[in-house]
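The primary structure of each chain is shown beneath.
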Amino acid sequence: INVEPLYEQQLHQGPINALACNEDGEYLLTSGADRQVCLLKVETGKLLRKYSGAHGYAVLDLAIAQDNASFASVGGDRTVFLWDVASGSVEKRLVGHFQKVNAVAFNSPSANILVTGSDDRTVRMWDARGKNINPIQVLDDARDSITSVVAQDHLIVAASVDGYVRTFDVRQGRLISDCVGYPVTSVVLNENKSCF
C-alpha cells in the first residue's frame, strides 16, 4: 500500500515524544524534546498555537480534557502542568513525583481527576478542577517505572516496566495485578473497559 502524507510540518527541534488528539479528531497536540507543545488543526495541518516556557526538560506525554478547554503535559522535570488551551497559560503546576513523569490521563468522561505515572514507581491522582495542588491519592504498588496510564470513571490502569498491568478500582479500593512477564510500555482500554 502506497500512502502519501497529507502535509509535512517541522514543529519541534528534535524528536516528538507524544501525540494527543481531541475526541472528535479535529485537533492534535504534539510534544517534544524541545520542551514545547504544539496545537494543530488536523485537516489542514495549520499550526494554531505553541505552548512553551513551563517545562524545564522534554515533554513526554499529553492528555486533553474532554471539553477541549484544557490539556495536561508531563515530562522529565518531574512536573505536571495543566494548561488553558485558549489563553495558552498554565492553570496549575503540580509537583509531587520524585523522578520524570512518563504518562498522564484525564479520567473520562468527567475529566475532574488527572492521573500520572512516573519513573518513581508511583501513580498519582490530582484534582484537576479545584485549587488543591497536592496529589489526592498515591498508588505505590509497582516495583519499577510506570510507563502508561489510562483512567475511565473509577478505574485506573497502569503499565509498568516490572511486567505488570495493574487495574485500580478506586471506588472499591481494589487492585488487580496481571503479570505479563515482560516490560509493558503502553496500555489502552476498549469500550468494555478491558485492557489491551
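A quick note: this is a predicted structure, and the numbers were derived from the prediction, not measured.

Rules behind the numbers
Residues numbered from 1 in each chain as written. Predicted model: local features only at pLDDT ≥ 70, side-chain atom pairs only at ≥ 80, totals over all residues. Heavy atoms only, no water. Helix = DSSP H or I, 4+ residues; strand = E, 2+ residues; numbered from the N terminus. Rg over C-alpha atoms; globule rule 2.2 N^0.38 Å. Buried < 20%, exposed > 50% of the residue type's maximum accessible area, 1.4 Å probe, protein only. Contact = heavy atoms within 4.5 Å. Areas by Shrake-Rupley, 256 points an atom, 1.4 Å probe, with all protein chains shown as cover. Lys, Arg positive; Asp, Glu negative; His and termini not counted. Charge placed at Lys NZ, Arg CZ, Asp CG, Glu CD. Pairing = 2+ DSSP bridges. Axes fitted to C-alpha atoms, helices over the stretch in contact; angles between N-to-C directions. 1 Å grid on protein atoms, 1.4 Å probe; cavity = no way out; pocket = protein on both sides within 12 Å on 5 of 7 lines; lining within 4 Å. Points joined across faces, edges and corners; volume = space filled by probe spheres on them. Nonpolar A, V, L, I, M, F, W, Y, C, P; charged D, E, K, R; others polar. Disulfide = S-S within 2.5 Å.

J.: Describe the overall build of the protein, with residues and values.
T.: The helix and strand inventory of the protein stands at zero helices and 16 strands. For 196 residues, the compact-globule estimate of 2.2 N^0.38 gives 16 Å, and the C-alpha radius of gyration of the protein, at 16 Å, lies within 12% of that figure. By principal-axis analysis of the C-alpha atoms, the protein measures approximately 45 × 45 × 30 Å. The burial tally for the protein puts 45% of its 196 residues in the buried class. Sequence-distant contacts, at least 24 apart, represent 36% of the contacts inside the protein between residues at least 6 apart. As displayed, the protein has an accessible area near 10,400 Å², and 48% of this comes from carbon and sulfur atoms. Taking the 18 positively charged and 23 negatively charged side chains of the protein as two groups, their mean positions are separated by 6 Å.

J.: Now, about the sheet that holds strand S2 (residues 27–32): what can you tell me, with residues and values included?
T.: Within the open sheet, the four strands sit side by side as S1-S2-S3-S4. Their pairing is antiparallel. Edge positions in the open sheet fall to strand S1 (16–21) and strand S4 (47–51), since each of these has one partner strand only. Across this sheet, the average inter-strand angle for adjacent strands is 20°, counted without regard to direction. Here S1 pairs with S2 via five bridges, running antiparallel. Among the inter-strand pairings, Cys-21 is bridged to a residue of S2, identified as Leu-28.

J.: Outline empty space enclosed by the protein, listing residues and values.
T.: Applying the stated rule across the entire model yields one cavity of 30 Å³ or more. In this structure, the largest cavity occupies an estimated 30 Å³ of space. Along its surface, the largest cavity is lined by Arg-121, Val-123, Leu-139, Asp-141, Ala-142, Ile-146, Ala-158, Arg-166 and Phe-168. For the lining of the largest cavity, the residue count by class is six nonpolar, no polar and three charged.

J.: Give me unusual backbone geometry: which residues, what numbers.
T.: We note that Arg-121 has phi near 75°; this positive angle belongs to a residue other than glycine. Topologically, Arg-121 is positioned in the loop between strand S10 (113–118) and strand S11 (123–127). Residue class for Arg-121 comes out partly exposed when judged on its relative accessible area of 43%. Despite not being glycine, Asp-153 has its phi angle at roughly 50°, a positive value. Owing to a relative accessible area of 33%, Asp-153 belongs among the partly exposed residues under this scheme.

J.: Please give an account of the side chain of Thr-167 that cites residues and values.
T.: On the secondary structure map, Thr-167 appears in strand S15 (residues 164–169). Overall, Thr-167 belongs to the buried group, its relative accessible area being 17%. Once residues within four sequence positions are removed from consideration, Thr-167 is found in contact with Leu-155, Ile-156, Val-157, Arg-174, Leu-175 and Ile-176.

J.: Give me the lowdown on the layout of surface pockets, citing residues and values where you can.
T.: Its boundaries defined by the atoms lining it, the largest pocket holds a volume of some 840 Å³. If you go around the largest pocket, you meet 30 residues; those closest to its centre are Ile-64, Ala-105, Phe-106, Val-150 and Ala-151. Per element, the largest residue contribution to the lining of the largest pocket is six residues, and it comes from strand S13 (residues 146–152). By residue class, the composition of the lining of the largest pocket is 18 nonpolar, 10 polar and two charged.

J.: Can you lay out the state of the cysteines for me, pointing to particular residues and giving the numbers?
T.: Counted under the stated rule, the structure contains zero disulfides. Cys-21 supplies the cysteine sulfur nearest to Cys-38, a cysteine that is in no disulfide, at a spacing of 15 Å. A relative accessible area of 0% places Cys-38 in the buried class.

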